[in-house]
Structures are given as C-alpha cells and as structure tokens.
Amino acid sequence: MALEDLQHNFLTGQVEDLVRWARRASVWPATFGLACCAIEMMAAGAADYDLARFGMEVFRNSPRQADLMIVAGRVSQKMAPVLRQVYDQMMEPKWVISMGVCASSGGMFNNYAIVQGVDQIVPVDVYAPGCPPSPETLMHAILTLHEQIRTGEILRRREEHRPTHIQPDSWTPEVPVAVRVGTPK
Amino acid sequence: MDAGGPRRSKGGNAEVIPLPPSAPPGVLTSDALASDAGFFPTPDQYLALVRALKDDGFELCADLCGVDYLEHFDRALPEGVTPTRFEVVVNLLSLSKRVRVRVRVQAGTKEPRVDSLFDLYPGSEAMEREAFDLFGILFDGHPDLTRILMPEEWEGHPLRKDYAVGRVPVQFKEAPGPR
Amino acid sequence: MSDLHVRSAARPELLTVETSEGAQGLQRRDLTTKSELGRELGAVLRANGLTLDPNDVDVERSDDETMIINMGPAHPSTHGVLRLMLELDGEFVLRAKPVIGYLHTGMEKTGEVLSYVQGGTNVTRMDYLSPVANELSYSMAVEKLLAVEVPERAIWIRMLMAELNRISSHLVWMATNGMDLGATSMMIYGFRERELILAFFEKTAGLRLNLNYVRPGGVAADLPDGWEDDVVVICDTIYERSFEYDELLTGQPIFRQRMEGVAPLSAEEALALGVTGPLLRSTGVPWDLRRTMPYLRYDEVDFDVIVGTYGDNFDRYAIRLNEIRESVRIVRQCVEKMPRGDYRSQDPKVTPPPRARIGESMEALIHHFKLFTEGFAVPAGEVYSAIESPRGELGCYLVSDGGAKPYRLHVRAPSFVNLQAVPLLMRGGSVSDAITVISTVDPIMGEVDR
C-alpha cells in the first residue's frame, strides 16, 4: 500500500501512547470501602463531585472487572488476607490508591489491630492524605494516578521494580502475603 | 483509686434503686460509687440477681462489658466485696420505670468465669463473646463462645492490661520497607 | 517485623490466602448439633414463654440439599465489611450468621492511651455517619465524672449539631437503601442533600466527617457568623425534598413490595435481643432516649417520637424518613431558642485559655501547653452515659482511676447489638430480602467492630 492510496488525513504515533491514553481514560475502580473514607468515596461518586467526569463512575463490584483498588479506610489484621485476595483476583494491569491516613500508615490507630499501612500487603501507587480525605483530595489522587498511567510504561510488570537494597538472589517476585501472625494453617 | 467516687451531676439516674424482692439474699448495694445504682453480687449470686431484676421490670440488657483492674485492686468497692482482677459490668435498662441499673460482678483473677446471661437476655450473646474475645472472661452456658472481633487464630486477649498496645515505632526515612 | 512477612514464592502453600474464620463462621449441618442449630436459628425465641424445640428446626434437611454461601466482607451491599454466611435452600435463607471484626480498630485500647482531651478524636471515628453522637456520648460521660457545668449555649449548639448529624446520617441511609433496592436516583439525591449539611459542618468544625467538635466542657468553636441563614436554608431544602423522596419511594409499587411485610420483628423479640433505635420503634415500642430519658435540652423542644406498627422493613423506612422531618423541627427550634453566652465551660481545668491571652501571659501559655500535653485529671469512678444516636442507644462506659487518661473506655454500640437481629430477620426470606434486611438494620461497621 502506498501513501498516495490513502483517502483521508492521518497521524502517526506510537501504539504505546494510544494504549496509555485508553487505559487512563477508563480506569474502573473496585468497590473496596472499609470505613469512613468509603463514605467520602461514595460522596465523590455522587452528584456533587461526579467522578463520571474522569471516566471513573463505574464502581465494579467484582474485582475481576476492576483496574483500580481504592483502599478506603483502616485495614485490620482480620481484613488483610481478604484484601490481598481481592487484589490477587484483579487482572493486570492494576493500580492501588491508598485513601486516607489509616490505609497509608495506620494513622492514629497505631495498635495491635490495624495493619500499619496497606503497602505492607499490596503495592500502592498513590497515597491520598486526610482523615478522611475530602472528595477533592480523592480526585486529586485519581488525577495523579491518571498522570502516572499516561506517562508510565505499558509492558513492565510490577514485579520488575526491584528495590536496590535487596540482593537479586533473595528477592522473590511477589509482594508479601499478609502480616497476620500465623496465617498458614 | 480514692473512695469518694464521682460527684453527682444533674440528670441521669441518681436515685437509689432498691433490690428487687426476689433477689438472692446478701447482695451488696451501693449508690455512692456510681452515677447509676450499682449492685455487687458474687459470681454465685449473679444469675439469680439478674433474673430477679428482669422479673422486676428490667427488660433490656443495654450493655455488658469486661474491665481488667490489674493495677487497681484497691479500687473503691462497698464493704464486703473482695476485689478481683476482672469485673463484668452489666447495664440493665427498664423501659417501664425509665431507670438504669448497673451490676458489677467480681469475675475472678486467674481464670475469670461467670454465668452467661444468654437464657435471660439472648441479646447479651454478642456482648459476652466480645468480653471473651477481648478479656478472656469465660461465660458458663454461653452457646457459642468463640472469638468475635479478632481473627480466629489470634493469641491473647488484647484489652487485658498486660497485653501491649502493639504500637509499631514510626520510622520516617531509611526504613527498610517490605518491598 | 520482617520475619512476619512471608514471601509467597518461597512459601507456595501461601499463594492461596487463607480467609476462613474457623469456628466464627457458620458450620455445616452435619457438624452442628441440634441445640446449636436451634440457637443459630432462633436464639431469641428462647426468651420468655417462646421456647423453641431444636428438634423442630429444619433438621430433616441435609447438607446436600442446602448450600452455605459467603456474602462479604467485600460485598457492595453489606455496607462496609460485614461478612454474612448464609445457608440457602434454593433461594431461601435457612440460617444466617454474621461474622464481624473485619474493621476491628482497637479503639477501646487506643482510648486508654489517649488523654481525655484527645479521646474525642478516637471515639468520633467509631460511627462515621454520626460522629457528633459519639463525641456527645463520650463528652457527657467525662463531664459526669468531672461534674463540670456546660454553658447553656454549648448545650443548644450540641443539640443543633446532633440533629443535623441525624439528618445527614438518615439521608445516607436513604441513599444506600435506595441503592440496595436498585433505586439509584435516591442514592444521588441522598448524597446531594447531605452535602448541604456537610458544608455547614466544614464551616463550623473544619472537617466534613470525624469532627471532634463536641469536647468535654463544651464545643470546640462557636457557630460561624451567619449560621442561622445556613441552617434555615438546610431546613427548608431538606424538609421540602423529604416530600420528593416520599413521592419517589413511598408510592412506588416495586419499593413497597420489597419493603412491606418483609422481615417483621416483634416487640418481644426486639427487647430480648437488646435492639434499640428505629428498629425497636418500628415494633411499636415508643422508646426514644431523647423523650424518655431526656438529656441536653430535649425536654424543652417539641417533637414527635415516630413509632411503627408491624416492625417490617417498610416501618423502618418510614420511621427514618419521618425522623428527618422531626429533626428539622428540632433544628428550627434550636435556631429560635439559641441563647447567647459561652460556647465552652469557663472552668480552667478543662478549657484552655483564649488564644489572645497566650501571647500576653506566661501562665496562660503554660496552662495551654499542659492541658494539651498532659490533659486534665478526672476523679476516680465509673460512669455510663447513653444518648440516642441515629441507630439507637449509644452508651459510653468510662472508668477513671484519677489520672489524665481513661482506665477503661467502652462504647455500647447500637449497631453491634442490632446486628444480632439479622439472623432472625433473614430467616425464611429470600436472598434479595436479605439485602433489604441488612440495609434497614443499618449497621455501621466502624461502630460494630470499633
């Protein structure tokens, strides 16, 4: 096919850009509301804040149809394996927003019951501060994630982000399962 | 703890509630210690007292919780009550008389154990499970004494005073993360 | 910490994450004795005179006829992280058991390491739909121990905020209930109106949720300038729109069929289970702590206690809808009767010196510093203070040993107790009715698990 056969104008570009653009514009979050932040997450999806503007209004109830897990609220030791399971059920590519200080670092609940940061269980892409973050903060986190997706690489899987302080031999390509004491049976 | 107890404030149920007639003999009563009327039965008198109170019109078991007085064996109690480490506190509510009453049982020190109120108030089921889960207080006659809030394989009873808060030191930089 | 992290590639058996909760869950029929079956099915029926013979309870069914399914903890209509294990025969629920604790935050333990000043930040995060009610119950308990007089204006501000909070909580309930039944427009409306109230909260307390506004001795700040206008606009809008919800839901045949006569509860059962709040009132028991054991100044305002008749889903809906209107009535009276004066107690023991004095006086600075680092000591004793939260009796049992931190902080959470009615209400209904049951019982998991 020669160029002179073309009937219309055309643009050249990279497939990567197209994929990134498409991914960025249709991130579907899984409903993973845990505590106070879940209410603000719902408020963000409702009329006043209207996440539909960012192509995000479709909260999937099944993790298998979702790309993004918004961990909204404190993660207890009992919930940690469940959260990990839901994350494992999600298809690649997948992203995680840790919404609120409790999910990000344990927040004010530095005690026996709460996992001190959901990043001990699943890898987190964006942290949203606040207790609870207002819907605007959540939106900012979402837009930050969009930017990350738009500028990131499309093929590299998460496991290839090897931390430098761990020797390659001892590194196993999985994030830790759960911090709960005595999970194996 | 000093013996004075809180001063009475306006409102609440400051009036003294007499023991119901069918209560077991010898139950110690105090109105000076608490803002609600308080009864201090022994574990043997406990079930009979609560049954008598229920017959007397206390239809609702509002609350049941445990307290661990590990550091306060010298707390203010009426004369004749032997303090033990664990206490079970039951708040009963009478809808018809619009009063509350509090029952405090000395549940024991080594292996705290009291009777279950399940047969009188089925609604105490979850609250007793909670007291078992968080304090290790055993309830005789409870149909399903399993953990309720903590994971099944959790060790220890977290609200006991000798159980650490479980605080993890906060590290701000150079912390070796899990990843 | 590091030895706790098990890498799954090194431990292949951990690739499947174990999420079973063992004995806490619902057991198979052949592992359950008859008496246990009887308990699970109708613990409440054993209350006075309503003895249930465990031998009567579906024992002829066997495991291969029934199926145990898991609902939650990450299920969209369980309102958080409630996990329900349902035993189904076809589409009908034979047994149900809630498994809770997935949001256990250890707040009662954390409450023991925070001072009385800081305690409000802890309790306010329990029931995250009605933070003011939590703070109120806690503050009233502390004040009872301290015997501090709260100024009149603070009391009325507390009432105003508590009632606004009740409206916003019920609005979220209407919204999520609508969503559970497929009435998605109600969800949009409920959250839209709630934003009005949250905007007012933000203006007053600085936050939308988890306000920490009611504190021992009064409230954190005075109402902002022009608050009357804001509140009047909120009242007018929500009162008017409550009739729109009426039209949208009450008259709608699908809604009525899914709510009317579904999951009825009798007054005896409700009392035996310790159920309070709209659930108890729906059975016809006129028990509202605001009326029956008044606190704050509820005896000086005019409002009706809404009571149902049948104790079914529809009654619970109708009660909450009408309570929104009653709360609007109370809020209007609060605006009328709001006295002038201090918004917090002038007792230097609990109240820090005003900001202006800190710059001038060294004593004020030290006092301010000590109050927020050490807190204030509370006389030894124990106290139980209960208020009517949107979900029922919210009690706070506080034990003080004379120090600046509570020796024991226990919260009687209405959702925790109300949740016990769920197995009873679900029994015999279909799975779709189970959804409406969870919705109308309205458990807030933050409060259930604390």
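Scroll up for the structure.
Residues numbered from 1 in each chain as written. Chains lettered and ligands numbered in written order. Predicted model: local features only at pLDDT ≥ 70, side-chain atom pairs only at ≥ 80, totals over all residues. Heavy atoms only, no water.

Each helix and strand counted, chain B has two helices and seven strands in total. Reading chain B from its N terminus to its C terminus gives the helix and strand order β-β-α-β-β-β-β-α-β. A burial count over chain B gives 58% of its 179 residues as buried. Contacts in chain B between residues at least 24 apart in sequence constitute 59% of all its contacts with a sequence separation of at least 6. For chain B, the accessible area works out to roughly 7400 Å², and carbon and sulfur atoms hold 52% of it. (Helix = DSSP H or I, 4+ residues; strand = E, 2+ residues; numbered from the N terminus. Buried < 20%, exposed > 50% of the residue type's maximum accessible area, 1.4 Å probe, protein only. Contact = heavy atoms within 4.5 Å. Areas by Shrake-Rupley, 256 points an atom, 1.4 Å probe, with all protein chains shown as cover.)

This brings us to the pattern of salt bridges. Within the structure shown, the criterion is met by 43 salt bridges over all chains. Between B:Arg102 and C:Glu382 there is a salt bridge, with the nearest N and O atoms lying 3.1 Å from each other. Of this pair, B:Arg102 sits in strand 5 (residues 99-108) while C:Glu382 sits in strand 6 (residues 381-389), placing the two residues on different chains. Owing to a relative accessible area of 1%, B:Arg102 belongs among the buried residues under this scheme. Among the ionic pairs, C:Asp222 bridges to C:Arg153, the shortest N-O distance being 3.1 Å. (Salt bridge = Lys/Arg side-chain N within 4 Å of Asp/Glu carboxyl O.)

Turning to the nonpolar core, a few remarks are in order. Ranked by size, the top nonpolar core spans 205 residues in total, and within it A:Met69, A:Val75, B:Tyr46, B:Val88, C:Leu160 and C:Met426 carry the most contacts. Ranked by residues supplied to this core, first place goes to helix 5 (residues 152-180) of chain C with 15 residues. If near-sequence neighbours (up to four positions away) are discounted, C:Met426 is found in contact with C:Leu84, C:Leu86, C:Val93, C:Ala96, C:Ala434, C:Val437 and C:Ile438. One finds A:Leu51, A:Met56, A:Val126 and A:Leu145 within the second-largest nonpolar core, a separate group that totals 22 residues. (Core = buried A, V, L, I, M, F, W, Y, C linked by side-chain atoms within 4.5 Å.)

Moving on: the interface of chain B and chain C. Facing 67 residues of chain B, the contacting portion of chain C comprises 59 residues. Roughly 5100 Å² of surface becomes buried between chain B and chain C when both sides are summed, with 57% attributable to carbon and sulfur atoms. Taken together, the connections running from chain B to chain C amount to five salt bridges. Where C:Glu382 meets B:Arg104, a salt bridge forms, and the shortest distance between an N and an O atom there is 3.4 Å. Seen at the junction of chain B and chain C, the total is 19 residue pairs in polar contact (both at pLDDT 80 or more). (Buried area = accessible area lost by both parts, 1.4 Å probe. Polar contact = N/O pair within 3.5 Å; in protein donor to acceptor, adjacent residues only side chain to side chain.)

Attention now goes to the side chain of C:Ser430. For C:Ser430, the location among the structural elements is in the loop between helix 16 (421-426) and helix 17 (431-441). Polar side-chain contacts of C:Ser430 include one of 3.1 Å to the side chain of C:Ser432.

Glancing now at the sheet that holds strand 1 (residues 29-30) of chain A. All names here are of chain A. Ordered by their spatial adjacency, four strands build an open sheet running 1-2-3-4, and the pairing between neighbours is parallel. The open sheet is flanked by strand 1 and strand 4 (126-128), the only strands paired with a single partner. Pairing between strand 1 and strand 2 (residues 68-72): two bridges, direction parallel. In the strand pairing of strand 2, Pro-29 is matched with Leu-68. Across the sheet, helix 2 (residues 36-45) lies against strand 2 and strand 3 (95-99), angled at about 130 degrees from strand 2, the strand it touches most. (Pairing = 2+ DSSP bridges. Axes fitted to C-alpha atoms, helices over the stretch in contact; angles between N-to-C directions.)

Attention now goes to the pairing of strand 3 of chain A. Residues and elements named next belong to chain A. Judged by how many residues are buried, strand 3 sits mostly within the fold: five of five residues are covered. Relative to strand 3, strand 2 runs parallel, the two sharing five bridges. Pairing of Leu-68 across the sheet is with Trp-95, part of strand 3. Read as a crossover between parallel neighbours, the route from strand 2 over helix 3 (residues 80-89) to strand 3 is right-handed. With three bridges connecting them, strand 3 and strand 4 associate as parallel partners. By the bridge assignment for strand 4, Met-99 is matched with Ala-128. (Right-handed = clockwise from strand over helix to strand, strands pointing away.)

Looking now at the side chain of C:Ser282. Residues and elements named next belong to chain C. Mapping Ser-282 onto the fold places it in helix 10 (residues 278-282). Accessibility expressed as a relative area gives 0% for Ser-282, which makes it buried. Look past the residues within four positions of Ser-282 in its chain and what remains in contact with it is Gly-308, Thr-309, Tyr-310, Gly-311, Asp-315, Arg-316 and Ile-319.

With that settled, consider the state of the cysteines. Applying the stated criterion across every chain yields a total of zero disulfides over all chains. A:Cys37 takes part in no disulfide bond, and the closest cysteine sulfur to it belongs to A:Cys36, at a distance of 5.8 Å. For A:Cys37, a relative accessible area of 7% gives the class buried. Considering cysteine sulfurs only, C:Cys334 is the nearest to C:Cys235, which forms no disulfide, with 9.2 Å between them. (Disulfide = S-S within 2.5 Å.)

Residues and elements named next belong to chain C. With their axes 10 Å apart at the nearest point, helix 12 (residues 313-337) and helix 17 run at an angle of 30 degrees to one another. Between helix 12 and helix 17 lies a crossing whose hand is left-handed. Residues Asn-313, Arg-316 and Arg-320 of helix 12 lie in contact with helix 17, whose contacting residues are Thr-436, Val-437, Thr-440 and Val-441. Among the residues forming the contact of helix 12 with helix 17, the class breakdown is two nonpolar, three polar and two charged. (Left-handed = near helix turned anticlockwise from the far one by under 90°. Nonpolar A, V, L, I, M, F, W, Y, C, P; charged D, E, K, R; others polar.)

Residues and elements named next belong to chain C. Strand order in the open sheet formed by three strands is 6-7-8, and the pairing between neighbours is antiparallel. Edge positions in the sheet fall to strand 6 and strand 8 (408-412), since each of these pairs with one other strand and no more. The sheet shows a mean angle of 15 degrees between the axes of neighbouring strands, direction not considered. Note: strand 7 (residues 392-400) against strand 8, five bridges, orientation antiparallel. Paired with Val-399 across the strands is Arg-408, a residue of strand 8. Helix 4 (residues 131-146) rests against strand 6, strand 7 and strand 8 of the sheet, and its axis sits at about 150 degrees to strand 6.

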